[in-house]
Amino acid sequence: MEAKVVLKIGPVKVRFTGAVLFDPVDPPREFHLTGSGSGGAAGFAKAGAQITLEEDSAHTLLRYSARADVDGKLAQLGSRLIMGTTRKLAAQFFDNLAAELTNLDAGPPKADA
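Just so it is clear, the model here is predicted, and its values are computed rather than measured.

**Describing the pairing of strand β1 (residues 2-9)**
As paired elements, β1 and strand β2 (residues 12-26) share eight bridges and run antiparallel to each other. For K8, the partnering residue across the bridge sits in β2 and is K13. Taken together, β1 and the strand that follows it, β2, pair antiparallel across an intervening segment of two residues, in which G10 is found at a positive phi of about 60°.

**Brief notes about the sheet that holds β1**
Pairing is antiparallel in the open sheet, where five strands are placed in the order β1-β2-β3-β4-β5. Two strands lie at the open edges of the sheet, namely β1 and β5 (59-71), each paired on one side alone. Taken pair by pair, the neighbouring strands of this sheet meet at an average axis angle of 25°, ignoring direction. Pairing of strand β4 (residues 44-56) with β5, which is carried by 13 bridges, proceeds in the antiparallel orientation. Considered in β5, the bridge of L53 is made with L62. Packing against the sheet, helix α1 (residues 79-106) makes contact with β1, β3 (30-38), β4 and β5, and its axis sits at approximately 145° to β5.

**A few points about the pattern of salt bridges**
One pass over the full model with this rule turns up two salt bridges. Notably, a salt bridge pairs D26 with R29, separated by 3.3 Å at the nearest N-O pair. A residue is classified by how much of its surface remains accessible, and D26, at 32% relative accessible area, is partly exposed.

**Topic: the packing of aromatic side chains**
Summed over the entire model, instances satisfying the criterion amount to three aromatic pairs. On the numbers, 5.0 Å between centres and 45° between planes, the contact of F22 with F31 is tilted. F22 gets classed as partly exposed once you look at its relative accessible area, which sits at 45%. Among the aromatic residues, ring-to-ring pairing joins Y64, F93 and F94 into one connected group.

About the thresholds
Residues numbered from 1 in each chain as written. Predicted model: local features only at pLDDT ≥ 70, side-chain atom pairs only at ≥ 80, totals over all residues. Heavy atoms only, no water. Pairing = 2+ DSSP bridges. Helix = DSSP H or I, 4+ residues; strand = E, 2+ residues; numbered from the N terminus. Axes fitted to C-alpha atoms, helices over the stretch in contact; angles between N-to-C directions. Contact = heavy atoms within 4.5 Å. Salt bridge = Lys/Arg side-chain N within 4 Å of Asp/Glu carboxyl O. Buried < 20%, exposed > 50% of the residue type's maximum accessible area, 1.4 Å probe, protein only. Phe/Tyr/Trp six-rings, centres within 6.5 Å; stacked < 30°, edge-to-face > 60°.

Worth remembering: the numbers are spatial, not functional.
Right under this line is the structure:
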């Protein structure tokens, strides 16, 4: 998939254009997301996440690890800011996923009488 992302990393706002790849390693238990993009003069970024799903009685546990690598002017911001942004984006992604799954569990919207 093609991706266009606007991020604020510390004091810098960057627009990335790039690609995201979904790799089903061991469906439905494990998959990887990887992406890379160019932020123009700000630099280049690569990011990824490894996601695993595990059965746990009546629930499914989702475990993930995320990483990000940057080059160019972004690399001068320091790893603390980069990793903080990576964690924030991963948490936002999984919060949105949880909301979507909750909506699926609720079923289709009911028509008003």
